[in-house]
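Letter by letter, the chains look like this.
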Amino acid sequence: MKRLFTLLVASLAVALATPTSEASARELHIVPAPTYIDLDSEGSYTVTPKTTIVVEDDAWNAADRFAEDMQSYYGSKKPLRTAKRGKGIKVRIDRFVPEEGYEMTINDEGILIIGGSEAGIYYGLQTLRQIIVTNNSVVPYGFIADEPTFTYRGAHLDVSRHFFSVEDVKRFIDIIAAHKLNRLHWHLTDDQGWRIEIKRYPELTEKGSERKETLIGHGLTPTEWDGTPYGGYYTQEQVKEVIAYAAERYITIIPEIEMPGHAQAALHALPWLGCEEQTVDVWTTWGVTPEVMCAGKETTYTFLENVLMEVMELFPSELIHIGGDECPKDRWKECDHCQAKMKELGLENEEQLQGYLVARIEKFLNANGRKMIGWDEILDGGVTPTATVMSWRGTEGGIYAAERGNDVVMTPMKLCYLNFYQTESREGEGLHIGGHIPFEMIYAWDPYEGMSDTAKRHIIGVQCNMWTEYIKNMETIETMLLPRLAAMSEVQWACDRRDESTIRERMTTLRRFYEANGWNYAPYYFEGRK
Ligand code: TNX
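Source: prediction; values computed, not measured. (Residues numbered from 1 in each chain as written. Predicted model: local features only at pLDDT ≥ 70, side-chain atom pairs only at ≥ 80, totals over all residues. Heavy atoms only, no water.)

(A) Expanded view of the overall build of the protein. Helices and strands together make up the secondary structure of the protein, namely 19 helices and 21 strands. Expected size for 530 residues packed as a compact globule is a radius of gyration near 24 Å; at 24 Å, the protein falls within 12% of this value. Each of the three principal axes of the protein carries a C-alpha extent, and together these read 80 × 50 × 40 Å. Expressed as a percentage of the 530 residues in the protein, the buried residues total 58%. Considering only residue pairs separated by 6 or more positions, the protein has 72% of its internal contacts joining residues 24 or more positions apart. Only carbon and sulfur atoms are counted for the fraction: they give 50% of the accessible area of the protein, which is about 21,200 Å². Charged side chains in the protein number 55 positive and 80 negative. The centres of these two groups are separated by 4 Å. (Helix = DSSP H or I, 4+ residues; strand = E, 2+ residues; numbered from the N terminus. Rg over C-alpha atoms; globule rule 2.2 N^0.38 Å. Buried < 20%, exposed > 50% of the residue type's maximum accessible area, 1.4 Å probe, protein only. Contact = heavy atoms within 4.5 Å. Areas by Shrake-Rupley, 256 points an atom, 1.4 Å probe, with all protein chains shown as cover. Lys, Arg positive; Asp, Glu negative; His and termini not counted. Charge placed at Lys NZ, Arg CZ, Asp CG, Glu CD.)

(B) Local environment of the sheet that holds strand S6 (residues 110–115). As summarised here, the arrangement of the seven strands in space is S1-S7-S5-S6-S4-S2-S3, forming an open sheet in which the pairing is mixed. What marks the edges here is a single partner per strand, and that holds for strand S1 (36–46) and strand S3 (81–83). Neighbour-to-neighbour, the strand axes of the sheet open up by a mean angle of 20°, direction not taken into account. Where strand S4 (residues 88–93) lies against S6, six bridges are found, and the strand directions are parallel. From the neighbouring strand, Ile89 faces S6, where its bridge partner is Ile111. (Pairing = 2+ DSSP bridges. Axes fitted to C-alpha atoms, helices over the stretch in contact; angles between N-to-C directions.)

(C) Looking closely at the pattern of salt bridges. This structure, assessed with the given rule, holds 30 salt bridges. With its nearest N and O atoms 3.0 Å apart, the salt bridge here joins Asp158 to Arg161. Of the two residues, Asp158 and Arg161, both sit in the buried class. Residues participating in the shared-partner salt-bridge network are Arg65, Glu68, Asp174, Glu248 and Arg249. (Salt bridge = Lys/Arg side-chain N within 4 Å of Asp/Glu carboxyl O.)

(D) Structural detail: the environment of Glu478. Along the chain, Glu478 turns up in helix H16 (residues 474–481). Residue Glu478 is classed as buried on the basis of its relative accessible area of 1%. Residues Glu478 and Ala522 lie 44 residues apart in sequence; the distance between their C-alpha atoms is 8.1 Å. Apart from the residues within four sequence positions on either side, Glu478 is in contact with Arg171, Ile175, Gly518, Trp519, Asn520 and Tyr521.

(E) Inspection of helix H12 (residues 396–403) at higher detail. Those residues of H12 not exposed but buried are Gly397, Gly398, Ile399, Ala401 and Ala402. At its buried positions, H12 is contacted by strand S19 (388–391), strand S20 (408–410), helix H15 (453–457) and strand S21 (459–466). Gly405 lies just past H12 and shows a positive phi near 100°.

(F) Fine view of the side chain of Arg249. Relative to the helices and strands, Arg249 is located in the loop between helix H6 (236–247) and strand S16 (252–259). A distance of 3.4 Å separates a polar atom in the side chain of Arg249 from a polar atom in the side chain of Asp174. In this view, Arg249 contacts Arg65, Glu68, Tyr122, Ile173, Asp174 and Ala177; residues no more than four positions away in its chain are not counted. (Polar contact = N/O pair within 3.5 Å; in protein donor to acceptor, adjacent residues only side chain to side chain.)

(G) Quick look at the sheet that holds strand S9 (residues 183–187). Strand order in this closed barrel of eight strands is S8-S9-S16-S17-S18-S19-S20-S21, and the pairing throughout is parallel. Between one strand axis and the next, the sheet turns by 30° as a mean value, whatever way the strands run. Relative to S9, strand S8 (residues 152–158) is paired through five bridges, and the arrangement is parallel. If you follow Asp158 over to S9, its bridge partner there is His187.

(H) Region of interest: the domain arrangement of the protein. Each assigned domain of the protein is listed here: domain 1 (2–146) and domain 2 (152–498). The C-alpha centroid of domain 2 is placed 36 Å from the C-alpha centroid of domain 1. In this complex, domain 1 contributes 22 residues to the contact, which on the side of domain 2 involves 17 residues. Here domain 1 and domain 2 share an interface that buries about 1,700 Å² over both sides, 49% of which is from carbon and sulfur atoms. Ranking the residues of domain 1 by area buried against domain 2 places Pro32, Tyr122 and Tyr123 at the top, with a combined share of 33%. Where domain 1 touches domain 2, the interface holds four salt bridges. The closest approach of N and O atoms between Glu68 and Arg249, which form a salt bridge, is 3.3 Å. (Domains from an automatic or database assignment. Buried area = accessible area lost by both parts, 1.4 Å probe.)

The following block contains the structure:
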C-alpha cells in the first residue's frame, strides 16, 4: 500500500511538471558521482512517456530495462517505446569509451548515450533515470562522462540464516543495480539452512533446508528459542530465473557453497560428511559450530565435486565462492581419517589440511574453466597464487595476498558489514548483531590504504555484506542497505572523485529517488544521527 502511494505521488509530480518547471534544477545530483559533468547555461530536454529510445547497436536489453523502470515511474501510462530509428534518447556502443563507462550528450537533438558496452549504456541510463525521477523529467543540456573505479562492485546476501524469496532477491538486485553494482555474492549454504536444490543429493534440501526453531534474542547469550520450524530453498529452476534476472541488469551472481566449516545443515542431511557420522541438527544458534565436514575421507571430496559440478552448470560466473571461513579443527584433531590423511600427505597441522582441501577444490574448479574465491582464512593454510581472496577479518589479509600477486576483494568487517548498527546510540534500530558503521564511515574509507602500488593493482574491487542472523524480512534488509549502499557505491564506482562537500546534498536528492521507487531506507543519516 505504501509503495502504491509513493508511486501515485511520483506520477502526480510528473503530471504537474512542465518542461520549464521552476522546480527543476540546473545542478545535477547523482550518486555515485560521474567523472565529469558540464552543463550548458540554458536549455533542457524533457523526457515524457512518449519519448522514443532509439537503439542503434545491439543494446535492446539495456533499453528495455530502462523503459520498464520508467513505466513504473510514469505509472499507468504507456512505457517508452524502443525503435531502430528516430529522435529521442539515442543509445550507441563505441569501443573507445571505457568498457562499463558512458558519455551522455543532451542538446536540442535529444539525449545521446554512448556506452563502451551494453553495460555502459545501462549505467548511462541509470544516471538518466536518477535525473528524470528527481528533476521533474527535465534533463539540462550538457555533457556527462563516467566510468567505474573498480571492475568488481559487489553486494553479498546471506539467505541461509533467514530465507529470502525469489521476489525479494529480485528486489535486492534492482536496488544494487540502480547503484551501479555488478556482482551479487549469493551466500546459499550455512549451518542454519541449505538453500539450493542439488539433484544428486536431494536430502540437502529435503532435510537440510529446515531447522526446528530459531533463537530468540541475542546469540551471544542464547537462552530462548521460538519453537517454530523455519525453512525454505530455491529449486534449480528458480536459481536460473534469478541468474537471468541479474544478468539482464548486468550483474553476475557468484554462488557460495561453504566448506569445510559452516556446513552443519549439510551434515544433518548427510551424516557421512562429518568425521564421526554423528547426527546433528540443522543449527538453531548463531555463531561458529565445531561440526564441520571431514577433510580426511575421500567421500567428502567426491561430494564437494558433485555439488560444485551442478553449481557450475547453473551459474555462468567465472568466480565460484567456496567459503573457507571459520572452520574449527577440534573434530579433525580427533578424527582417524583426518589424521591418516595428514600423515599420508606429510602435513604438520590441521591448518595445512584445510589448505590441502582448498587447493584441491581450486584445482577442480580450474579444470572446469572456473576460478576460486574464498574468505581470507584460505590464506591460513597456505594459499595458491591463483586464488582470489575476500578480505573480511580486516584489510591485512587482503594486503598480504595482493602483495603476493593474488587478486583481492576488499570487504573488511569494520566498514563493509551492513548488518551492523548504523548509530552509536542504536536507538530505534531494533536488535542487530553489533558493531557500528554509520554512512560517513564508509564514505571516508580508502580501500587502498596502507598498500604498495603492486598491491593496489590486485585489488579488483570492494563488496558490502548482508548477514541475516537478525534480519528476518526484506523491509529490514532495505533499511540496513539504504542509504549506506550509496556511500559504498561511491567507494566502488567513484573512489577517486568522492566529494565530502556535495555528498549530503546529493543524498537529499537520492532520497527522493528511493521514495519514488518505494524502497525502504533508514532515516539516521538524513537526521544527522551517526
Ligand atoms: C562472520 S564474514 C561470518 C558470518 C557471520 C558474520 C556476522 C564471515 C566469512 N563469516 O558467518 O554471519 O560474521 O556478521
